[in-house]
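# Structure at a glance
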Number of protein chains: 2
Amino acid sequence: MAKDKKVEQITDMEVDFAQWYTDICRKAELVEYASVKGFTILRPYGYAIWENMQRIMDAEFKKTGHQNVAMPVLIPESLLKKEGELVNGFAPECAWVTQGGSEELEERLAFRPTSETMFCDHWSRVLHSYRELPMLYNQWCSVIRWEKTTRPFLRSREFWWQEGHTIHETAEEAMAETEQQLNCYADFYEKVLAIPVVKGRKTDKEKFAGAEATYTVECMMKDHKALQGATSHYFGDKFSRAYGVTFTGRDNKLQYPFQTSWGSTTRMIGAVIMAHGDNNGLVLPPQIAPVQVVILPVAQHKPGVLEAARALKERLAAAGLRVQMDDSDNSMGWKCAQYEMKGVPLRVEIGPRDMENGQCVLVRRNDGEKTVIALDQLEEAAKEQLALVQKGLYEKARLNLDEHCWPAFSVEEARKLQEEKGGFIKTMWCGDAACEQKMKDEAGMSSRCIPFAQEKLGDVCACCGKPADKMLFWGVAY
Amino acid sequence: MAKDKKVEQITDMEVDFAQWYTDICRKAELVEYASVKGFTILRPYGYAIWENMQRIMDAEFKKTGHQNVAMPVLIPESLLKKEGELVNGFAPECAWVTQGGSEELEERLAFRPTSETMFCDHWSRVLHSYRELPMLYNQWCSVIRWEKTTRPFLRSREFWWQEGHTIHETAEEAMAETEQQLNCYADFYEKVLAIPVVKGRKTDKEKFAGAEATYTVECMMKDHKALQGATSHYFGDKFSRAYGVTFTGRDNKLQYPFQTSWGSTTRMIGAVIMAHGDNNGLVLPPQIAPVQVVILPVAQHKPGVLEAARALKERLAAAGLRVQMDDSDNSMGWKCAQYEMKGVPLRVEIGPRDMENGQCVLVRRNDGEKTVIALDQLEEAAKEQLALVQKGLYEKARLNLDEHCWPAFSVEEARKLQEEKGGFIKTMWCGDAACEQKMKDEAGMSSRCIPFAQEKLGDVCACCGKPADKMLFWGVAY
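Residues numbered from 1 in each chain as written. Chains lettered and ligands numbered in written order. Predicted model: local features only at pLDDT ≥ 70, side-chain atom pairs only at ≥ 80, totals over all residues. Heavy atoms only, no water.

Glancing now at the packing of aromatic side chains. Under the counting rule described, the total for this entry stands at 33 aromatic pairs over all chains. Seen in terms of ring centroids, Phe 159 of chain B and Trp 161 of chain B are 5.9 Å apart; in terms of plane orientation they differ by 85 degrees. Their pairing is edge-to-face. For the pair Phe 159 of chain B and Trp 161 of chain B, a shared accessibility class is recorded, and that class is buried. Among the aromatic residues, those joined into a cluster by ring pairs are Trp 50, Phe 61, Trp 140, Tyr 185 and Trp 262 of chain A. When the ring centre of Trp 406 of chain A is taken as reference, the NZ or CZ atom of Lys 421 of chain A above it lies at 5.0 Å. (Phe/Tyr/Trp six-rings, centres within 6.5 Å; stacked < 30°, edge-to-face > 60°. Buried < 20%, exposed > 50% of the residue type's maximum accessible area, 1.4 Å probe, protein only. Lys NZ or Arg CZ within 6 Å of the ring centre and 35° of its normal.)

Structure representation (structure tokens):
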């Protein structure tokens, strides 16, 4: 940490939420812009968050039998085109390789925007018998989608993700997988990222290109805008048929397997920033924090202070925590501000007076709460405080969500509620895409999902007045 | 495992080594060809090996303070061109993106062949003071080099690797880093992959485009051909100057940092195949084996056998080993052949007679050695046998290397030795690139390295007869 560096002020989130967000991305040293338009660099601190996310999710995927693979990054245009809806959905956003070395390619190759086509192509060559099913694959990689406007983590031309792709003997098994993976995402959001989600199904208008059904976890940010957290898709046997993926079934006849895919991306880092951050910077849930505890020696020039601080560091590291000690010659104020900006969940302060009293001070990042503890209880107390950070973050985010869901009974009422209060607007919906378009055009909201937890708000569609038996969540989405 | 599947024979390595190699790649289910020419798919078993390699190496990198990042995959041509040697080295092999979405790009973008340019560009924007140095970065990703002829793992248009990139305040520190990372690779090869290496410096002809010096670990395969294992490069301040990377030094003046890069790739899997494999298939060193122990119940229909096998599995898993139990209805012969093909280092057999005697049988993959052990010693014995596999693999590979290094004193003698005996041919060398070319043209060998462990074979160059004080290793390389 450089002595001559200052922790700069960031924009107030009440004044300009978008600028506040960008300020955190830059000043917490998560990302940096690259010299290629629309591309970003994940810096060490940002990447370390992503690594923690990857480690936790990857372990969950493996527990349920998924295996990682690596598919080629380039997809021949003809292969991409075999399934009409998919290519219509993604071709307009592809980056195309047209030259390899000194040769002009006969066929242009798309940088993968998603890899259903590659997985199907592979399976069409390696799958033979029902005994080999299910095939439960996942890959961690980057994809490119040529977006017009970009924002760090939320929308960039290249982003990092995992894409799970599976095939199954029966439709029921594939549907169960789709559901299982949606729940896996929901658990990750709620239990790891401390962000409550609304689980539901996407409308046909909003579903993944080529999918029979898309399920989603939707979250709410501090500005009451919606963010699609992760999605899980059921394809039926549509892609299998398009790509000629077959197997010999139990009845000795050739059959098409049923398919799923599911994905989550580095946008989860954006979700964490906007769900938990404050005007002092980032606030990280403990499980994904690169540094969970920072130890700051007070009056570190006094005899024994540094040694005491170092001892605390070693004890916490031995207890399995990710811990740092800052003995740089920066001021205490600078250090506090710096680690707040970086969202370190717990700060431990120890100085001469604490040492005399056999104690130290624990300060939670999320609510600033200070706790004085006896030194011999350090490990236990630190873990307890981290659990309280996690709990505090979740509860606050839960409140934010619960207090910003509004029922509406007309497009105009929905528009007003969004304008005045923000959040998720819930209405009955007839199922007609024209009504979705109307809500978009007149109230500026897209449908977020048809929540699994339905409420019967009435009998008629808020958009057209026709009979309706589904409740839909609407929102202004990132 | 499908009952109706057969373990197919693979080509005899003595008859056709290249075909033997390809057979293993396919039949051990490591890779599959993709529908894009020159690209391969890493299948679950191959990728699991790569994951184990990554985990071990990544932990080593982090121990010495390196941090992971993610740089954009596309590099503008103008950025790539700033350093002349690098672009001359890589531009002919680049894949070029010329279209993004529906727009023709004004400037074409190269799919990264290596990322020195991106790191330098980033550093030119974020580096300010000597206090921020060193910056020790690494990334795990794939790169593309548009090769004409390809072979799984050894040479493919896309491959997976790690590329470390660091900048330092002084030349000495950068040189120490280059050396440290070379030693890190050497240790990984010798202690994890059980492959002995020759450490040395590349000649100017063979060094990395743009580097001041390239260091390498060179290995020998079972066919006595050479394989470049991994490389570590020292750049001086050449790239810093080309890309305008500067910092304010201790003297308060603007300075250029000194730079290194170092990389290792999925070709390490190819090295493992060719260093340890045999005519029954793959042989994996225990630390990178996705399955370290397979348990095969003998006469599994007999009462209690499956339960006993399952108990062994649970005990070994609890002891921290990666273990599988195969209770499929395939024959014992099929199972043995299958797990030999997959290179599982240790097989445990248990049947009714073993149970009566309170014992089981441990069989090592590398030399077929069987050991009968008392059941209560399972954990200890399994770990001991795995250590013996590791030791046996290393010793055999060591012998293969030591017994195939031949001194030569003329190009003609070198040619004959390579033709008749194969391996590394060592000669004195004057330092002239023309002599390297002569060896290439007349003896079909490239220079592998100037080994750190020098021997004085004589006073004159084997190629031109002029005074020479360096000993060089030559070989036919993959």
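Resuming the write-up.
Here the focus is the pattern of salt bridges. Residue and element names in this part refer to chain A. Evaluated as defined, the whole model comprises 63 salt bridges over all chains. Across the pair Asp 278 and Arg 365 runs a salt bridge whose closest N-O atoms are separated by 2.8 Å. A residue pair is termed long-range when its members are at least 10 positions apart, and Asp 278 in the loop between helix H8 (267-276) and strand E15 (293-297) and Arg 365 in the loop between strand E18 (359-364) and strand E19 (370-374) qualify at 87 residues. Each member of the pair, Asp 278 together with Arg 365, is buried. A salt bridge links Glu 455 to Lys 426, with the shortest nitrogen-to-oxygen separation between them at 2.8 Å. Here Glu 455 is found in the loop between strand E22 (446-451) and strand E23 (470-475), whereas its partner Lys 426 is found in strand E21 (residues 424-429), with 29 residues between them in sequence. Here Glu 455 falls in the partly exposed class, since its relative accessible area comes to 36%. A cluster of three or more residues bridged by salt bridges with shared partners is formed by Arg 26, Glu 32 and Arg 43. (Salt bridge = Lys/Arg side-chain N within 4 Å of Asp/Glu carboxyl O. Helix = DSSP H or I, 4+ residues; strand = E, 2+ residues; numbered from the N terminus.)

This part is about the packing of helix H6 (residues 171-192) of chain B against helix H12 (residues 378-402) of chain B. Residue and element names in this part refer to chain B. Axis separation between H6 and H12 bottoms out at 9 Å; the angle between their running directions is 115 degrees. By the angle class used here, H6 and H12 are roughly perpendicular. Residues Glu 190, Lys 191 and Val 192 of H6 lie in contact with H12, whose contacting residues are Gln 390, Tyr 394 and Arg 398. Partitioning the contact of H6 with H12 into residue classes produces two nonpolar, one polar and three charged. (Axes fitted to C-alpha atoms, helices over the stretch in contact; angles between N-to-C directions. Parallel < 35°, antiparallel > 145°, perpendicular 65-115°, else oblique. Contact = heavy atoms within 4.5 Å. Nonpolar A, V, L, I, M, F, W, Y, C, P; charged D, E, K, R; others polar.)

The operation relating the pair of chain copies consists of a rotation about an axis and a translation along that axis. For the pair chain B and chain A, the superposition axis carries a translation of 0.0 Å, the fit reaches an RMSD of 0.0 Å, and the rotation angle comes to 180 degrees. The transformation relating the two chain copies, once decomposed into turn and shift, fits a two-fold axis. The C-alpha atom lying nearest the rotation axis in chain B is that of Val 97 of chain B; the distance is 2.1 Å. Taken together, the interface assignments show that 100% of the residues at the interface of chain B recur at the interface of chain A, consistent with an identical surface on both copies. (Least-squares fit on C-alpha atoms with pLDDT ≥ 70 in both.)

Our focus in this paragraph is the sheet that holds E23 of chain A. Residue and element names in this part refer to chain A. What the 11 strands build is an open sheet, ordered E3-E7-E8-E14-E11-E10-E9-E22-E23-E21-E20; its pairing is mixed. Each edge of the sheet is formed by a strand with only one pairing partner; in this case those strands are strand E3 (67-68) and strand E20 (405-407). The pairing of strand E8 (residues 158-168) with strand E14 (residues 258-265) spans eight bridges and is antiparallel. Residue pairing across strands places Thr 166 opposite Thr 260, the latter belonging to E14. On the sheet, helix H2 (residues 44-63) packs against E3, strand E7 (135-144), E8 and E14 and is oriented at approximately 160 degrees with respect to E7. (Pairing = 2+ DSSP bridges.)

It is worth spelling out the sheet that holds strand E5 (residues 95-100) of chain A at this point. One open sheet holds the six strands; their spatial order is E4(A)-E6(A)-E5(A)-E5(B)-E6(B)-E4(B), and the pairing between them is antiparallel. Two strands in the sheet have a free side with no partner beyond their single neighbour: strand E4 (74-76) of chain A together with strand E4 (74-76) of chain B. Averaged over all pairs of adjacent strands, the angle between strand axes in this sheet comes to 45 degrees, irrespective of strand direction. As defined by bridge partners, E4 of chain B adjoins strand E6 (residues 103-111) of chain B across three bridges and the pair is classed as antiparallel. Bridging across to E6 of chain B, Ile 75 of chain B finds its partner in Ala 110 of chain B.

We now examine the interface of chain B and chain A. The interface is formed by 58 residues belonging to chain B together with 58 residues belonging to chain A. Carbon and sulfur atoms make up 58% of the surface buried where chain B meets chain A, a total of about 4,600 Å² over both sides. Residue Lys 62 of chain B is joined to Glu 51 of chain A by a salt bridge in which the shortest nitrogen-to-oxygen separation is 2.9 Å. Linking chain B with chain A are 23 residue pairs in polar contact (both at pLDDT 80 or more). With six residues, strand E5 (residues 95-100) of chain B is the largest single contributor of residues to the side of chain B that touches chain A. Here the residues of the side of chain B that touches chain A sort into 31 nonpolar, 10 polar and 17 charged. (Buried area = accessible area lost by both parts, 1.4 Å probe. Polar contact = N/O pair within 3.5 Å; in protein donor to acceptor, adjacent residues only side chain to side chain.)

Below, the discussion takes up helix H8 (residues 267-276) of chain B. H8 of chain B sits mainly inside the fold: 10 of its 10 residues count as buried. Against helix H1 (17-27), helix H2 (44-63), H6, strand E11 (226-236), strand E14 (258-265) and H12 of chain B lie the buried residues of H8 of chain B.

Attention shifts here to the side chain of Thr 231 of chain A. All names here are of chain A. Positionally, Thr 231 belongs in strand E11 (residues 226-236). A distance of 3.4 Å separates polar atoms of two side chains, one belonging to Thr 231 and the other to His 233. Excluding residues within four positions of it along the chain, Thr 231 makes contact with Tyr 185, Thr 214, Tyr 215, Thr 216, Trp 262 and Gly 263.

Right, let's talk about the packing of helix H9 (residues 305-318) of chain B against H12 of chain B for a bit. Residue and element names in this part refer to chain B. In contact at an axis separation of 10 Å, H9 and H12 are set at 65 degrees when each is read in the N-to-C sense. The pairing of H9 with H12 is recorded here as roughly perpendicular in orientation. By crossing handedness, the relation of H9 to H12 is classed as right-handed. Between H9 and H12, the contacting residues are Leu 312, Arg 315 and Leu 316 on the first element and Leu 378, Glu 379 and Ala 382 on the second. A per-class count over the contact of H9 with H12 returns four nonpolar, no polar and two charged. (Left-handed = near helix turned anticlockwise from the far one by under 90°.)

We now examine the environment of Cys 463 of chain A. All names here are of chain A. Relative to the helices and strands, Cys 463 is located in the loop between E22 and E23. In this structure, the C-alpha to C-alpha distance between Cys 463 and Cys 435, residues 28 residues apart in sequence, is 5.4 Å. Beyond its immediate sequence surroundings of up to four residues, Cys 463 is in contact with Val 411, Cys 435, Lys 438, Met 439 and Trp 474.

Our next topic: the confidence of the model for chain A. Chain-level statistics for chain A give a pLDDT mean of 96 and a share of 99% at 70 or above. Both confidence scores are given for the complex: pTM 0.96, ipTM 0.95. (pLDDT = per-residue confidence, 0-100.)

This part is about the environment of Val 460 of chain A. Residues and elements named next belong to chain A. Inspection of the secondary structure puts Val 460 in the loop between E22 and E23. In this structure the C-alpha to C-alpha distance between Val 460 and Ala 226, which are 234 residues apart in sequence, comes to 25 Å. When neighbours within four sequence positions are excluded, Val 460 is seen to be in contact with Met 428, Gly 465, Lys 466, Pro 467 and Ala 468.

Residue and element names in this part refer to chain B. The element strand E10 (residues 213-220) is largely enclosed, with a buried count of eight among its eight residues. Burial along E10 is two-sided: Ala 213, Tyr 215, Val 217 and Cys 219 facing one way and Thr 214, Thr 216, Glu 218 and Met 220 facing the other are all buried. With four bridges connecting them, strand E9 (residues 198-201) and E10 associate as antiparallel partners. By the bridge assignment for E10, Arg 201 is matched with Tyr 215. Of the pairings in the sheet, the one linking E10 to E11 comprises eight bridges and is antiparallel in character. Bridge pairing in E11 places Ala 213 opposite Tyr 234. Linking two consecutive strands that pair antiparallel, namely E10 and E11, is a turn of five residues; a positive phi of about 70 degrees is found at His 224 within it.

Quick look at unusual backbone geometry now. Most peptide bonds adopt trans geometry, and most residues besides glycine take a negative phi value. Here the amide bond leading from Leu 133 of chain A into Pro 134 of chain A is cis, since omega sits at -5 degrees, within 30 degrees of zero. By the secondary structure assignment, Pro 134 of chain A is in the loop between helix H5 (116-126) and E7. Located in the positive-phi region is Glu 29 of chain A, a residue other than glycine, with phi close to 60 degrees. Looking at the secondary structure, you find Glu 29 of chain A in the loop between helix H1 (17-27) and strand E1 (31-33). Among the residues examined, Glu 29 of chain A registers a relative accessible area of 24% and is labelled partly exposed. Although it is not a glycine, His 224 of chain B adopts a positive phi angle of roughly 70 degrees.

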